[in-house]
Amino acid sequence: MNILLTGGAGYIGSHTLIELISEHHSVVVVDNLSNSNKESLTRVEQITGVKIPFYEADIRDRDALEVVFSAHNFDCCIHFAGLKAVGDSVTHPWEYYDNNIGGTLVLVDVMRKHGCKNIIFSSSATVYGEPSMIPITEECPKGHCTNPYGWTKWMIEEILTDLHTADVKKDDSNPWNVVLLRYFNPIGAHKSGLIGENPNGIPTNLMPYITQVAVGKLDKLHVYGNDYNTPDGTGVRDYIHVVDLARGHVKALQAIENNCGIAVYNLGTGKGYSVLDVVHAFEEANSVQIPYVIEQRRPGDVGICYSASDKAFIELGWKAHYDIVDMCRDSWKWQKMNPNGYESL
Ligand code: NAD
Ligand code: UFG
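Just so it is clear, the structure is predicted and the values come from calculations on it, not from any experiment.

Thresholds applied
Residues numbered from 1 in each chain as written. Chains lettered and ligands numbered in written order. Predicted model: local features only at pLDDT ≥ 70, side-chain atom pairs only at ≥ 80, totals over all residues. Heavy atoms only, no water. Helix = DSSP H or I, 4+ residues; strand = E, 2+ residues; numbered from the N terminus. Buried < 20%, exposed > 50% of the residue type's maximum accessible area, 1.4 Å probe, protein only. Areas by Shrake-Rupley, 256 points an atom, 1.4 Å probe, with all protein chains shown as cover. Lys, Arg positive; Asp, Glu negative; His and termini not counted. Charge placed at Lys NZ, Arg CZ, Asp CG, Glu CD. Salt bridge = Lys/Arg side-chain N within 4 Å of Asp/Glu carboxyl O. pLDDT = per-residue confidence, 0-100. Axes fitted to C-alpha atoms, helices over the stretch in contact; angles between N-to-C directions. Parallel < 35°, antiparallel > 145°, perpendicular 65-115°, else oblique. Left-handed = near helix turned anticlockwise from the far one by under 90°. Contact = heavy atoms within 4.5 Å. Pairing = 2+ DSSP bridges. 1 Å grid on protein atoms, 1.4 Å probe; cavity = no way out; pocket = protein on both sides within 12 Å on 5 of 7 lines; lining within 4 Å. Points joined across faces, edges and corners; volume = space filled by probe spheres on them. Nonpolar A, V, L, I, M, F, W, Y, C, P; charged D, E, K, R; others polar.

Peer 1: So what about the overall build of the protein chain? Which residues, and what values?
Peer 2: Across its full length, the protein chain carries 11 helices and 14 strands. Principal-axis analysis of the C-alpha atoms places the extent of the protein chain at approximately 55 × 45 × 40 Å. Here the protein chain, with 345 residues, has 54% of them falling under the buried criterion. A total of about 14800 Å² of accessible surface is found on the protein chain, and carbon and sulfur atoms cover 50% of it. One way to put it: in the protein chain the 28 positive side-chain charges average out to a point 2 Å from where the 42 negative ones average out.

Peer 1: Outline the pattern of salt bridges, listing residues and values.
Peer 2: With the rule as written, the count across this model stands at 20 salt bridges. Residue Arg 62 is joined to Asp 109 by a salt bridge in which the shortest nitrogen-to-oxygen separation is 2.8 Å. Of this pair, Arg 62 sits in helix α3 (residues 62-71) while Asp 109 sits in helix α5 (residues 93-113), and the two are 47 residues apart along the sequence. For Asp 109, a relative accessible area of 14% gives the class buried. A single salt-bridge network, built from bridges that share partners, covers Arg 62, Asp 109, Arg 112 and Lys 113.

Peer 1: I'd love a proper account of the confidence of the model for the protein chain, names of residues and values included.
Peer 2: When pLDDT is averaged along the protein chain, the result is 97, and 99% of the positions lie at 70 or above. Confidence, expressed as mean pLDDT per element, reaches its minimum in the protein chain at helix α4 (residues 86-91) with 94 and its maximum at strand β4 (residues 76-79) with 99.

Peer 1: If you had to explain the packing of α5 against helix α6 (residues 148-169) to someone new, which residues and values would you point to?
Peer 2: Running from amino to carboxyl end, α5 crosses α6 at an angle of 20°, the nearest separation of the two axes being 9 Å. It follows from the interaxial angle that α5 and α6 lie roughly parallel. Two packed elements cross with a definite hand, and for α5 against α6 that hand is right-handed. Mapping the contact onto sequence places Pro 93, Tyr 96, Tyr 97, Asn 100, Ile 101, Thr 104, Leu 105, Val 108 and Arg 112 in α5 and Pro 148, Tyr 149, Trp 151, Thr 152, Met 155, Ile 156, Ile 159, Leu 160 and Leu 163 in α6.

Peer 1: Any details on the sheet that holds strand β2 (residues 26-31)? Residues and values, ideally.
Peer 2: Strands sit in the order β3-β2-β1-β4-β5-β6-β11 across an open sheet of seven strands; the sheet is parallel. Both outer strands of the open sheet, β3 (54-56) and β11 (262-267), are each paired with one neighbouring strand and no more. Sheet twist, expressed as the mean angle between neighbouring strand axes with direction ignored, is 20°. Of the pairings in the sheet, the one linking β2 to β3 comprises three bridges and is parallel in character. Bridging across to β3, Val 30 finds its partner in Tyr 55. Most of the contacts of helix α8 (residues 242-257) go to strand β6 (residues 177-183), to which it runs at about 155°, and overall it touches β1 (2-6), β4, β5 (118-124), β6 and β11.

Peer 1: Talk me through the layout of surface pockets; I want residue IDs and the actual numbers.
Peer 2: When its volume is computed, the second largest pocket comes out at roughly 280 Å³. The wall of the second largest pocket is formed by 19 residues, among which Glu 19, Val 243, Arg 247, His 321 and Tyr 322 lie closest to the centre. Looking at the lining of the second largest pocket, the elements that each hand over two or more residues are α1 (11-22), α8 and α11 (324-337). Here the lining of the second largest pocket takes four residues from α8, the largest share from any one element. For the lining of the second largest pocket, the per-class residue count stands at six nonpolar, five polar and eight charged.

Peer 1: An account of unusual backbone geometry is requested, with residue identities and associated values reported.
Peer 2: The linkage connecting Ile 134 with the following residue, Pro 135, adopts the cis geometry, with an omega of -5°. For Pro 135, the position within the fold is in the loop between β5 and α6. One non-glycine residue, His 24, lies in positive phi territory at about 70°. The residue His 24 is located in the loop between α1 and β2 in this model. Positioned with a positive phi, Ser 287 is a non-glycine residue whose angle comes to about 50°. Tracing the chain through its elements places Ser 287 in the loop between α9 (275-286) and β13 (292-295).

Next comes the structure, spelled out in structure tokens:
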């Protein structure tokens, strides 16, 4: 298929590029590089041996998208572009609604004008809020998000669903096909160590924080709460290797090809690990020590969040293959080879 990746220079996008190329799809990337570095695409080219057409453009820029869509005939868009820092979204809500929702509105409008009505959207387990069931199936009702970032995912899901529903009601001969992929917690990196997660400033997510402690950039990990109702009291999450997640997008193309209408899939492993489980797995996998201190709970965090991932397996034949040791090993390899991310050149 001919596929547009918005946000393709980012963490998940760059890994997905490799998996798409290895399955012989043609890809074009649009990214404004607001949270990424073009070097990620150079590295993907190095890994795959394939030149990647790249447009440095903002998806809110209608004219720029017109140029891209006039030059290519896309079968599908995989829409990664968005701002994703939970805390930042609380202090800059307008920027999050403008970028994520405003950007998506422009993107889907240009898509439909060019007859491309197939989209795979990067949603998040955050739409479940405080989940009403564990493990979380796709039947679990969407919940109350605790931050603007979460609401952007929640609302974009609604917007894309409404586009499809309207087409069905008016008997459109080319209705939208929408795949909503609800990611759990992606960590890890490509096995080459050439691409990985490249957070700006001090990381807010667990694994990049751990790797920066391991490499000596930060002195200790702050564990947010040990009084949750979990086996060791620390928060439990469903960590998924970013390469497994990337392959989930390749599989989701099948749903698009089968004219799925609206399809929702959790992308997780179905296993929950606590913060201290991850710390200990990292220490064992990599023979390094991660000093930590216990702090208060982080506002907005839920205690336990892990998926039931059977639906993606039954309908798409997708399941995660890598385990927590692989994730810790590959995260560390990326950090060791690139102590300053893509800026270390
Ligand atoms: P990332 O920041 O590495 O990648 C997002 C990319 O989108 C970046 O390259 C950024 O420059 C680009 N971008 C942002 N706004 C843009 C705009 N207006 N126009 C063009 N490009 C724009 O993040 P990621 O971890 O790769 O996440 C990809 C998607 O998955 C995001 O939508 C994110 O919200 C979602 N998601 C991520 C996680 C996670 O933990 N990483 C979890 C759930 C969902
Ligand atoms: N944690 C710490 N110390 C840290 C960072 C995190 O103890 O320095 C803990 C958190 O309290 C939580 C766990 O590690 O229990 C995971 O936290 P992350 O920040 O890595 O991930 P979250 O589950 O909070 O959120 C992530 C993404 C969101 C996404 C959500 C669900 O950041 O964008 O997963 O997909 F919405």
